[in-house]
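Listed here are the chains, written in short residue letters.
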Amino acid sequence: MYGGGNVFEATKFDDLQTEDPAKLAEFEARIARGEKIEPTDWMPELYRKQLIRMIEQHAHSEIIGSLPEGTWITRAPGFRRKMAQMAKVQDEVGHAQLLYSAAETLGKSREQMLTDLINGKSKYSNVFNYPALTWADSNIISWLIDAGAIVNQMANARGSYGPYSRALERICAEEAFHLKYGHDAVVHMATGSPKQREMIQAALNRWWGPIMTFFGPSDKMSTHTETLMRWKVKMASNDECRQQFLDMYVPKIWELGLTIPDPNLKKNAETGQWEFTEPDWDEFKRVINGDGPCNAERLAVRRTAEERGAWVRRALLNPKAKYVKPLA
Amino acid sequence: MNELAIKDLLYKLADDQLILGHRNSEWTGFGPILEEDIAFSSMAQDKIGHSLAFYTLLHELGESEPDTVAFTRNANQFHNSQLVELPNGEYDFSLIRHFLYDNAEIIRFEMLAQSSYEPIAKVATKLKGEVKYHVLHANTWIKNLGSSTEEAILRLQSSLTEALPYALGMFEHSKYEQELIDAGIYGGEEAVKIKWLKRIQAVIEQTALKLPDLESIAPKFGGRYGEHTEHLQPLLDEMAEVFKIDPTAEW
């Protein structure tokens, strides 16, 4: 899965004035021709910085995102779900591994990225600051958050940076299975016993708000995206992604007899656009800046894992340590 | 052939793998490096898959559906060794347990692949290739970390000492032990233990670790007869938490 709505707030386009104009022009021409930029190719510092930020956020979203669903691995009901839930969450961790490698090609080490995650310096998808209270929440994440991720990642897979684009192609292939798995689990709940239907509806009610903010703030509110889009770092606007997601999934949710908790949600027949209650962007900002229901817990888990595993990494870095006497 | 003896063996095999698979899966998201999250998850998936294969054989012999057997029994109805139910602890303990367990499991699977009882032989033949990778993973890490830093060696040594009484508990005899041997079902636990000792010695000799004298260790028996540590029931309660909301529902 993937956190949409990357935060580009630190973009300083003045930096571009220090770049060699000839090289910059050639770089832009290559992108315009649809060529991929590879790790050893010349690139503006701003391009490098934004890509590191974006890929790193994506990688963090995968490992932090494995936590809410991971909680339900040990509780998944029955062999079929238990095996699938394990494989699904394992895929997400595998995506993190792929993405950290892609980001490393731009010059930042995995260890440094993980340190920045723990310190709160780099972000991850805001939706994972919300809890997966029940098995049904985990199903909603597997289906609809992964669905949102696919919309976003399919777009970004056409981006200009070779290693990121190739990683995304592999990731999308796996996400397609997650989507089927999530949909199948939700179908079983929505067509199951009254208790199951109640559980899945409650989970949808809890997650609809976070889902609507998944693609990030409206384009009216984001700035400086023009250059990033010209460089094919950002491939689709937040609003375009959100509209595409609603188009694809609202009918499927309704088909299951579930109610979407937004009385204003409807497709405008004239414009072809979905209309909805504006998500609470103040809450979004508050949560992304650390004040959400699970921010502290998510980072604490990650920090604990890093601290507890530190001796293993030290040992791996130092495999040929000086001769150690056998313990008598 | 005595069906009770076969069922006893199948329960032992299936329960060991279900419980260890469950423990392995708890590493997802918490591993010391991402690659180990992924490796433990792979092994968890294999082990739980193996347990399902054995529960399916039990079902063919008239026992309940695999989901019912796995998700509704209490701790005292489980036949797994106590080794597999112990909490994961730190990575060193999980790694040592994995090493001690899988080096025995591969021997059992190799023996069972030759079993006179064809359904078991078929399953073991099909699955033993996966266990081979689990052993390779364990041995590689033990060799690597077991001759690295002083810190790593101390940790592994301490976990080895802690886990060994439980590991020896894996070889607790079934009440049908002699019958199973005589009928050519498999060579029995004593034979597994002798081969196991050779295997683990061969790896440990390549490290700075030291294998304690096994003769002086009292094995933690009881698991095969439903006696468990205080850790198994909470694991089972967690595993069945959703399933028990409505055991007749399709999830």
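Residues numbered from 1 in each chain as written. Chains lettered and ligands numbered in written order. Predicted model: local features only at pLDDT ≥ 70, side-chain atom pairs only at ≥ 80, totals over all residues.

Trainee: So what exactly am I meant to see when it comes to the overall build of chain A here?
Mentor: For chain A, the helix and strand inventory stands at eleven helices and two strands. Listing each helix as α and each strand as β along chain A from the N terminus yields α-α-α-α-α-α-α-α-α-β-β-α-α. Computed over C-alpha atoms, the radius of gyration of chain A comes to 21 Å, within 12% of the 20 Å expected from 2.2 N^0.38 for 328 residues, which places it in the range of a compact globule. Dimensions of chain A, computed from the C-alpha atoms along their principal axes, are close to 75 × 60 × 35 Å. Counting over 328 residues, chain A shows a buried share of 44%. Long-range pairs, those at least 24 residues apart, make up 79% of the contacts in chain A with a sequence separation of at least 6. (Helix = DSSP H or I, 4+ residues; strand = E, 2+ residues; numbered from the N terminus. Rg over C-alpha atoms; globule rule 2.2 N^0.38 Å. Buried ≥ 20, exposed ≤ 12 C-beta atoms within 10 Å, placed from the backbone. Contact = placed C-beta atoms within 7 Å.)

Trainee: I tried to follow the overall build of chain B on my own but got confused; where do I start?
Mentor: A tally of regular secondary structure across chain B gives ten helices and zero strands. Secondary structure of chain B in N-to-C order comes out as α-α-α-α-α-α-α-α-α-α. Here the C-alpha atoms of chain B give a radius of gyration of 18 Å, agreeing with the 18 Å that 2.2 N^0.38 yields for 251 residues. Here chain B, with 251 residues, has 50% of them falling under the buried criterion. The contacts in chain B between residues at least 6 apart in sequence include a share of 77% that link residues at least 24 apart.

Trainee: Would you explain helix α10 (residues 281-288) of chain A in this entry?
Mentor: All names here are of chain A. Among all positions of α10, only Phe284, Val287 and Ile288 are buried. One side of α10 carries all its buried residues, which in axial view fall inside an arc of 95°. In α10, the exposed positions that point more than 90 degrees away from the buried face belong to Asp282 and Arg286. If you follow the buried residues of α10, they end up packed against α7 (194-213). Glycine 290, located one to two residues past α10, shows a positive phi value of around 115°. (Arc of directions from axis to C-beta.)

Trainee: What exactly am I supposed to notice about the confidence of the model for chain A here?
Mentor: Residues and elements named next belong to chain A. Looking at chain A as a whole, its pLDDT mean stands at 91, while 91% of the residues score no less than 70. Averaged over each element, pLDDT in chain A is lowest for helix α8 (residues 225-230) (84) and highest for strand β2 (residues 274-275) (98). Considering only residues more than four positions removed or in separate chains, one finds that residues 323-328, a stretch of pLDDT under 50, has seven contacts. (pLDDT = per-residue confidence, 0-100.)

Trainee: How should the interface of chain A and chain B be read in this particular structure?
Mentor: One frequently used descriptor of interface size is the decrease in accessible area upon assembly of the parts. Each partner contributes residues to the interface: chain A has 42 residues there, and chain B has 48 residues. For the side of chain A that touches chain B, the elements supplying multiple residues, two or more each, are α2 (45-70), α3 (79-104), α7 and α11 (295-317) of chain A. When its residues are assigned to classes, the side of chain A that touches chain B shows 22 nonpolar, 13 polar and seven charged. (Nonpolar A, V, L, I, M, F, W, Y, C, P; charged D, E, K, R; others polar.)

Trainee: I would appreciate a short explanation of the packing of helix α5 (residues 135-156) of chain A against helix α6 (residues 162-190) of chain A in the present structure.
Mentor: Residues and elements named next belong to chain A. Viewed as axis vectors pointing N to C, α5 and α6 meet at an angle of 150°, and their least axial separation amounts to 8 Å. Classified by the angle between their axes, α5 and α6 sit roughly antiparallel to one another. When you trace α5 past α6, the crossing you get is left-handed. In contact with Ala136, Asn139, Ile140, Ser142, Trp143, Asp146, Ala147, Ala149, Ile150, Gln153, Met154 and Asn156 of α5, α6 contributes Leu168, Ile171, Cys172, Glu175, His178, Leu179, Tyr181, Gly182, His183, Ala185, Val186 and Met189. Taken together, the residues of the contact of α5 with α6 sort by class into 15 nonpolar, seven polar and two charged. (Axes fitted to C-alpha atoms, helices over the stretch in contact; angles between N-to-C directions. Parallel < 35°, antiparallel > 145°, perpendicular 65-115°, else oblique. Left-handed = near helix turned anticlockwise from the far one by under 90°.)

Trainee: Help me understand helix α9 (residues 238-255) of chain A in this model?
Mentor: Residues and elements named next belong to chain A. The terminal C-alpha atoms of α9 lie 26 Å apart, and with 18 residues this matches the ideal 26 Å at 1.5 Å per residue to within 8%. Regarding α9, the residues found buried are Asn238, Cys241, Arg242, Phe245 and Leu246. Contacts from the buried residues of α9 go to α5 and β2. Immediately downstream of α9, the backbone of glycine 257 shows phi near 80°, a positive value. (Expected span 1.5 Å × (residues − 1).)

Trainee: Just checking my understanding: could you explain unusual backbone geometry for this structure?
Mentor: What is expected of a backbone is that most residues other than glycine have negative phi and most peptide bonds are trans. The backbone of lysine 232 of chain A sits at a positive phi, close to 55°, despite the residue not being glycine. Mapped onto the fold, lysine 232 of chain A is located in the loop between α8 and α9.

Trainee: Sorry, what's going on with the environment of glutamate 92 of chain A here?
Mentor: Positionally, glutamate 92 of chain A belongs in helix α3. It is 9.1 Å that separates the C-alpha atoms of glutamate 92 of chain A and serine 61 of chain A, two residues lying 31 residues apart in sequence.

Trainee: When you look at the packing of α2 of chain A against α3 of chain A in this model, what are you seeing that I'm missing?
Mentor: Packed helices, taken two at a time, are described by the angle their axes make and the gap between the axes. Residue and element names in this part refer to chain A. Orientation of α2 relative to α3, taken along the N-to-C sense of each, is 160°, at an axis distance of 8 Å. For the element pair α2 / α3, the angle class is roughly antiparallel. Of the two elements, α2 crosses α3, and the hand of that crossing is left-handed. Two secondary-structure elements touch here, α2 through Ile52, Ile55, Glu56, His58, Ala59, Glu62, Ile63, Gly65, Ser66, Glu69 and Gly70 and α3 through Gln85, Lys88, Val89, Glu92, Val93, His95, Ala96, Leu99, Tyr100, Ala102 and Ala103. For the contact of α2 with α3, a count of residues per class yields eleven nonpolar, six polar and five charged.

Trainee: Mind showing me how you'd approach the environment of leucine 144 of chain A here?
Mentor: Residue and element names in this part refer to chain A. Within the secondary structure, leucine 144 is located in helix α5. As a C-alpha pair, leucine 144 and glycine 65 span 79 residues in sequence and 13 Å in three-dimensional space. If sequence neighbours within four positions are ignored, leucine 144 has contacts with Trp207, Ile211 and Tyr249.

Trainee: For this particular structure, what's the right way to read the environment of histidine 58 of chain A?
Mentor: All names here are of chain A. By the secondary structure assignment, histidine 58 is in helix α2. The exposure class assigned to histidine 58 is buried, which follows from the 31 C-beta atoms found within 10 Å. In sequence terms histidine 58 and serine 165 are 107 residues apart; their C-alpha atoms lie 13 Å from each other.

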